[in-house]
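Residues per chain are reported as follows:
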Amino acid sequence: MATEFTFAQVAEHDTKDSLFVVIDEKVYDISKFVDEHPGGEEVLLDVAGTDGTEAFEDVGHSDEAREILAKYLVGNLVRGPNDPKPAAPSRSANSSSAEPSSGGLPGIVYAILVAGIAAGGYYYLQLQQQQGSA
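Presented here is an overview of the structure given in this document. (Residues numbered from 1 in each chain as written. Predicted model: local features only at pLDDT ≥ 70, side-chain atom pairs only at ≥ 80, totals over all residues. Heavy atoms only, no water.)

## What about the pattern of salt bridges?
Two side chains with opposite charge may pair up if their charged atoms get near one another. Counted under the stated rule, the structure contains five salt bridges. For Glu25, the salt bridge identified is with Arg79, shortest N-O distance 2.9 Å. With a gap of 54 residues between them, Glu25 in the loop between strand S3 (18-23) and strand S4 (26-29) and Arg79 in the loop between strand S5 (73-78) and helix H5 (107-133) connect regions that are remote in the sequence. The closest approach of N and O atoms between Asp51 and Arg79, which form a salt bridge, is 2.5 Å. Placement of the pair is Asp51 in the loop between helix H2 (41-46) and helix H3 (53-59) and Arg79 in the loop between S5 and H5, with a sequence separation of 28 residues. Here the salt bridges share partners, and the residues they tie into one network are Lys16, Asp35 and Glu41. (Salt bridge = Lys/Arg side-chain N within 4 Å of Asp/Glu carboxyl O. Helix = DSSP H or I, 4+ residues; strand = E, 2+ residues; numbered from the N terminus.)

This is the structure in structure tokens:
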């Protein structure tokens, strides 16, 4: 039988050394993955001890990322009446729908957009430094 966690129990694990996150009503202990996460530790710490389903789906994680996540499964979430409402079901939880999600940008578009803004900001700062030293 799978271990069951309350939302309060999950919320106690909100640090880098003890990091639980809820994805699709399942509880994952991703403490050992924090340093390996390609997006950096900050994005994981932002959802530490909470329901990270929406954040996980907004990025558009690959099937490989989902397989990695499965390795860290520690149990199921049991919500109480005063707990936050569950996030919308993910594509893996609702795989019968062939239509893409209409909410938000696809993960790759978002990543490209962020990278473009960062590159533009870096280029702008370099130009400012060159003009200031001339």
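## Description of helix H4 (residues 63-70)
Residues that lie three or four places apart on an α-helix share one face, since the helix turns once every 3.6 residues. All buried positions along H4 are accounted for by Ala65, Arg66 and Leu69. The buried residues of H4 occupy an angular sector of 100° when projected down its axis, which confines them to one face. The exposed set on the far side of H4, more than 90 degrees from its buried face, consists of Glu64 and Glu67. Turning to H4, the residues buried within the fold contact S3, S4, H3 and S5. (Buried < 20%, exposed > 50% of the residue type's maximum accessible area, 1.4 Å probe, protein only. Arc of directions from axis to C-beta. Contact = heavy atoms within 4.5 Å.)

## A word on the environment of Thr50
With respect to the element layout, Thr50 can be found in the loop between H2 and H3. Distance from Thr50 to Glu12, taken between C-alpha atoms, is 9.5 Å for residues 38 residues apart in sequence. Beyond its immediate chain neighbours, meaning those up to four positions away, Thr50 contacts Phe7, Val10, Phe20, Val21 and Val22. Separated by 2.7 Å, the side chain of Thr50 and the backbone oxygen of Val47 make a polar contact. (Polar contact = N/O pair within 3.5 Å; in protein donor to acceptor, adjacent residues only side chain to side chain.)

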